[in-house]
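Architecture and fold: a report
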Amino acid sequence: MDYRGVVFDVDGTVVRGDEAIPGALDGLAAVDAAGLDRLFVSNNPTKAPVAYEARLRRAGIEATADEVVTSGTTTTAYLADRHPGARTFAIGEAGFRDQLRDAGLELVGPGDDPAVVVVAIDREFHYDDLRDANRALRSGAAFYGTDPDVIIPTADGDIPGSGAIINAVAGVAERDPDAILGKPSRVAQEYVLDKLGLPPEEVLIVGDRLDTDIAFGLDAGMGTALVRTGVTDDATLAASEYEPDHVLDGLGDIGRIVSE
């Protein structure tokens, strides 16, 4: 297949913490040498694209904010379109909340009759947040999550992600989110393909997660490549319903795909 664009997952695929994963720089160089367009697409909503630019540069990767899409990006774009200016109760860290404000949403407390509840990873998540989200949702607020990642890889090991907090809120409120807006959602697929300006069959996604990265690509009609440098081991791959087109030891092996 002749690809014209590549979508890279970030954590577990390109970097771990602020360090490039071994071989990742070689893989990115191979994509550049092939003349392919690229995007870095992360399910971490805590940082805006400009902060990701700085993070990638610290890892030795020359990238721009325009090449970065996060679940915060897709969530704020979706909410600004579907609920412009809405009174919003947000569970999430400062970087995500800033993105919501920048999109024109009005962040309010639980007693201010929010029309929307949106939930993301928050490393200071508190019992009061769970209680307050439950009250707002049982009063009829719309319910959104940024991304389904229950576990995310970090330099210090795997930690709970947005999905863990979304699941807690959903369990107490006894209702599923109206939408989860990061990978592998259709919202994220459309956003990424529109930004690349390419049809899905001309795009390859490379990532370490079967149920987000690979599911994202398969559902959209993209080519898919799983790397073994993140959360997926051989047993998980063998048991999964998602079958990637390629399985790589790491991003450094992508040259054999993009040069075919």
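Whatever comes next refers back to the structure up there.
The rules we used
- Residues numbered from 1 in each chain as written.
- Predicted model: local features only at pLDDT ≥ 70, side-chain atom pairs only at ≥ 80, totals over all residues.
- Heavy atoms only, no water.
- Pairing = 2+ DSSP bridges.
- Helix = DSSP H or I, 4+ residues; strand = E, 2+ residues; numbered from the N terminus.
- Axes fitted to C-alpha atoms, helices over the stretch in contact; angles between N-to-C directions.
- Contact = heavy atoms within 4.5 Å.
- Buried < 20%, exposed > 50% of the residue type's maximum accessible area, 1.4 Å probe, protein only.
- Phe/Tyr/Trp six-rings, centres within 6.5 Å; stacked < 30°, edge-to-face > 60°.
- Parallel < 35°, antiparallel > 145°, perpendicular 65-115°, else oblique.
- Right-handed = clockwise from strand over helix to strand, strands pointing away.

Right, let's get into the sheet that holds strand β13 (residues 203-207). Read from one edge of the open sheet, 6 strands run β5-β4-β1-β13-β14-β15, paired in parallel fashion. Each of the sheet's edge strands pairs with one partner strand only, and the pair in question is β5 (68-70) and β15 (246-248). Adjacent strand axes in the sheet meet at a mean angle of 20 degrees, parallel and antiparallel pairs treated alike. Examined bridge by bridge, strand β1 (residues 5-8) and strand β4 (residues 37-42) share 4 bridges and lie parallel to one another. Each bridged residue has a counterpart across the sheet, and for Phe8 the counterpart in β4 is Phe40. Taken strand by strand, helix α2 (residues 49-58) contacts β4 and β5, and its axis lies near 120 degrees from that of β5.

As a further point, take the sheet that holds strand β8 (residues 116-119). One open sheet holds the 5 strands; their spatial order is β7-β6-β8-β9-β12, and the pairing between them is parallel. With partners counted over all chains shown, the strands left at the sheet margins are β7 (106-107) and β12 (179-180), one partner each. Sheet topology note: the β8/strand β9 (residues 142-145) ladder contains 4 bridges and is parallel. Counterpart to Val118 in the pairing with β9 is Tyr144.

A few words on unusual backbone geometry. In this chain, Lys183 is followed by Pro184 through a cis amide linkage whose omega measures 10 degrees. With respect to the secondary-structure elements, Pro184 resides in the loop between β12 and α7 (186-196). In the Ramachandran plot, Asp113 falls in the positive-phi region, its phi being about 55 degrees despite a non-glycine side chain. A relative accessible area of 61% means that Asp113 is categorised as exposed.

Here we take up the packing of aromatic side chains. One pass over the full model with this rule turns up 2 aromatic pairs. On the numbers, 5.6 Å between centres and 65 degrees between planes, the contact of Tyr78 with Tyr144 is edge-to-face. Residue Tyr78 is found in helix α3 (residues 71-82), and its partner Tyr144 is found in strand β9; the two are separated by 66 residues along the sequence. Overall, the relative accessible area of 6% leaves Tyr144 in the buried class.

In the sheet, strand β10 (residues 151-154) pairs with strand β11 (residues 157-160) via 4 bridges, with the strands oriented antiparallel. Residue pairing for β11: Ile152 is matched across the bridge by Ile159. Between β10 and β11, which pair antiparallel in sequence order, lie 2 residues.

This next bit is on the packing of α7 against helix α8 (residues 210-220). Across the interface, α7 lies against α8 with an axial gap of 10 Å and an inter-helix angle of 75 degrees. In terms of orientation, α7 lies roughly perpendicular with respect to α8. Residues Arg186, Ala188, Gln189 and Val192 of α7 form the contact with α8, whose own contacting residues are Phe216, Asp219 and Ala220.

Alternating positions in β9 separate into two faces, Ala142 and Tyr144 on one and Phe143 and Gly145 on the other, with burial throughout. Tracing the backbone out of β8, into helix α5 (residues 127-138) and back to the parallel element β9 gives a crossover that is right-handed. With 2 bridges joining them, β9 and β12 adopt parallel strand pairing. Within β12, the position partnered with Tyr144 by the bridge is Ala179.

Worth remembering: the numbers are spatial, not functional.
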